[in-house]
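Structural overview for review
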Amino acid sequence: MPPRFYINKAIDTGQVIELPCDTRHYATRVLRLKTHDKIILFNGMGGEFSANIINIKKSNIKILIDQHHDSEFESPLNIELAQAICTNEKMDWIIQKAVELGVTRIQPISTNRSVVRLSAERVEKRLRHWEKTIVSACEQCGRNHLPPVLSVLSLADWLSNKKTEQGDQQFNFMLSPTTEKTLSNYPRPASDAKILLAVGPEGGFTSEEEKNFLHTGFTPVRLGQRILRTETAAMAAVAAMQTLWGDF
């Protein structure tokens, strides 16, 4: 399969464009692409474009856009992952794998037991970093739409917002090791249903936070008999949803 690159601009067939600097470096120094090699481009606006490299120089790589393809590889499930912020490497891994598994959007949340506390300046830097992680994950897995990562919210603020968004076609789950019910106890969501999945930090949600979830209409579910790390729990839950109700 030709390598895939995200381009943050409008693209049209027959157009000649240049690869951005960071993409150019990866294409030539890592992938060792050459003139006449075929690549795939996407811009997050739907579908993808087959293209050919027509000229490579140190200062630029020119690409000829060949054809647009209405290819989409989105999950049938609309999953919002609310993930408690954890250490940088773990959070990067969660975001990367969530994209690969088909999550629709990612909401980082700050909880009482979150070990990472971000200032406003650091939040902006992390958001830019996470957006790059999402781009790389989409390039790798074949998705042509970039799932957004939202600005960090406190758990209380996020739950307050969700109170006003409640609807009949919505499934609200929070992971908890103390409940008996699992995802398999629930029916397949309707095709237009929204699924909210809340995953706690290292140490889990506090009892007060769990009460707040219940008051907001969330249902606690567990993942088997073992207690999983936060980065394992998020991916196991999404994979289980895709297996039970989605495209796995």
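In what follows, the accompanying structure is described.

Scoring rules and cut-offs
Residues numbered from 1 in each chain as written. Predicted model: local features only at pLDDT ≥ 70, side-chain atom pairs only at ≥ 80, totals over all residues. Heavy atoms only, no water. Phe/Tyr/Trp six-rings, centres within 6.5 Å; stacked < 30°, edge-to-face > 60°. Helix = DSSP H or I, 4+ residues; strand = E, 2+ residues; numbered from the N terminus. Buried < 20%, exposed > 50% of the residue type's maximum accessible area, 1.4 Å probe, protein only. Pairing = 2+ DSSP bridges. Axes fitted to C-alpha atoms, helices over the stretch in contact; angles between N-to-C directions. Contact = heavy atoms within 4.5 Å. Core = buried A, V, L, I, M, F, W, Y, C linked by side-chain atoms within 4.5 Å. Parallel < 35°, antiparallel > 145°, perpendicular 65-115°, else oblique. Nonpolar A, V, L, I, M, F, W, Y, C, P; charged D, E, K, R; others polar. Polar contact = N/O pair within 3.5 Å; in protein donor to acceptor, adjacent residues only side chain to side chain.

1. What to know about the packing of aromatic side chains
- Evaluation of the coordinates by the stated rule reveals eight aromatic pairs.
- When the ring of tyrosine 6 is compared with that of phenylalanine 42, the centres are 5.5 Å apart and the planes differ by 50°; the resulting orientation is tilted. You can see tyrosine 6 sitting in strand 1 (residues 4-6) and its partner phenylalanine 42 sitting in strand 3 (residues 38-42), a full 36 residues away along the chain.
- Residue class for phenylalanine 42 comes out buried when judged on its relative accessible area of 0%.
- With a centroid separation of 5.3 Å and an interplanar angle of 70°, the aromatic rings of phenylalanine 173 and tyrosine 186 are classed as edge-to-face. One end of the pair, phenylalanine 173, is in strand 9 (residues 170-175); the other, tyrosine 186, is in the loop between strand 9 and strand 10 (194-199), and 13 residues separate them in sequence. Across the pair, tyrosine 186 and phenylalanine 173 agree in class, each one buried.
- Ring pairs connect the aromatic residues Trp158, Phe205, Phe213 and Phe218, which therefore count as one cluster.

2. Some points on the sheet that holds strand 3
- Pairing is mixed in the open sheet, where five strands are placed in the order 1-3-4-5-2. Edge positions in the sheet fall to strand 1 and strand 2 (16-18), since each of these pairs with one other strand and no more. Between one strand axis and the next, the sheet turns through 40° on average, direction left out of account.
- Alignment of strand 3 against strand 4 (residues 48-56), held across four bridges, turns out to be antiparallel. Note on strand 4: the bridge partner recorded for isoleucine 40 is serine 50.
- Sheet strands touched by helix 3 (residues 120-141): strand 1 and strand 3. Its angle to strand 1, the strand with the most contacts, is close to 150°.

3. Focus: the sheet that holds strand 11 (residues 219-221)
- One open sheet accounts for six strands, arranged 8-7-6-10-9-11; its pairing is parallel. Looking along the sheet, the strands with just one partner apiece sit at the ends: strand 8 (153-154) and strand 11.
- Its contacts with the sheet put helix 2 (residues 88-100) on strand 6 (78-84) and strand 7 (105-110), and the angle it makes with strand 6 is roughly 175°.

4. As for the environment of leucine 77
- Mapped onto the elements, leucine 77 comes out in the loop between strand 5 (61-69) and strand 6.
- For leucine 77, a relative accessible area of 8% puts it in the buried group.
- In contact with leucine 77, other than residues within four places in its own chain, are Gly102, Thr104, Ile195, Met241, Gln242, Trp245 and Gly246.

5. Some words on unusual backbone geometry
- Despite not being glycine, arginine 32 has its phi angle at roughly 60°, a positive value.
- Here arginine 32 lies in the loop between helix 1 (21-30) and strand 3.
- Given a relative accessible area of 57%, arginine 32 falls into the exposed group.
- One non-glycine residue with positive phi stands out, namely histidine 36, at about 85°.
- The residue histidine 36 is located in the loop between helix 1 and strand 3 in this model.
- When its relative accessible area of 65% is taken as the criterion, histidine 36 is described as exposed.

6. A few points about the nonpolar core
- Ranked by size, the top nonpolar core spans 43 residues in total, and within it Leu81, Phe173, Leu197 and Met241 carry the most contacts.
- Ignoring any residue separated from it by four or fewer positions in sequence, one finds methionine 241 in contact with Leu77, Ile79, Phe173, Leu183, Ile195, Leu197 and Gly246.
- Grouped together as the second largest cluster of nonpolar side chains are 15 residues, Ile11, Ala27, Leu41 and Ile61 included.

7. Thoughts on the packing of helix 2 against helix 6 (residues 230-245)
- At a minimum axis distance of 10 Å, the contact between helix 2 and helix 6 shows a crossing angle of 5°. Classed by the angle they form, the pair helix 2 and helix 6 counts as roughly parallel. Across from Lys90, Trp93, Ile94, Lys97 and Ala98 in helix 2, the residues of helix 6 making contact are Thr230, Glu231, Ala234 and Met235.
- Tallied by class, the residues present in the contact of helix 2 with helix 6 amount to five nonpolar, one polar and three charged.

8. A short note on the side chain of asparagine 172
- Within the secondary structure, asparagine 172 is located in strand 9.
- Judged by its relative accessible area of 6%, asparagine 172 is buried.
- Side chain to side chain, asparagine 172 and glutamine 170 meet in a polar contact 3.2 Å long.

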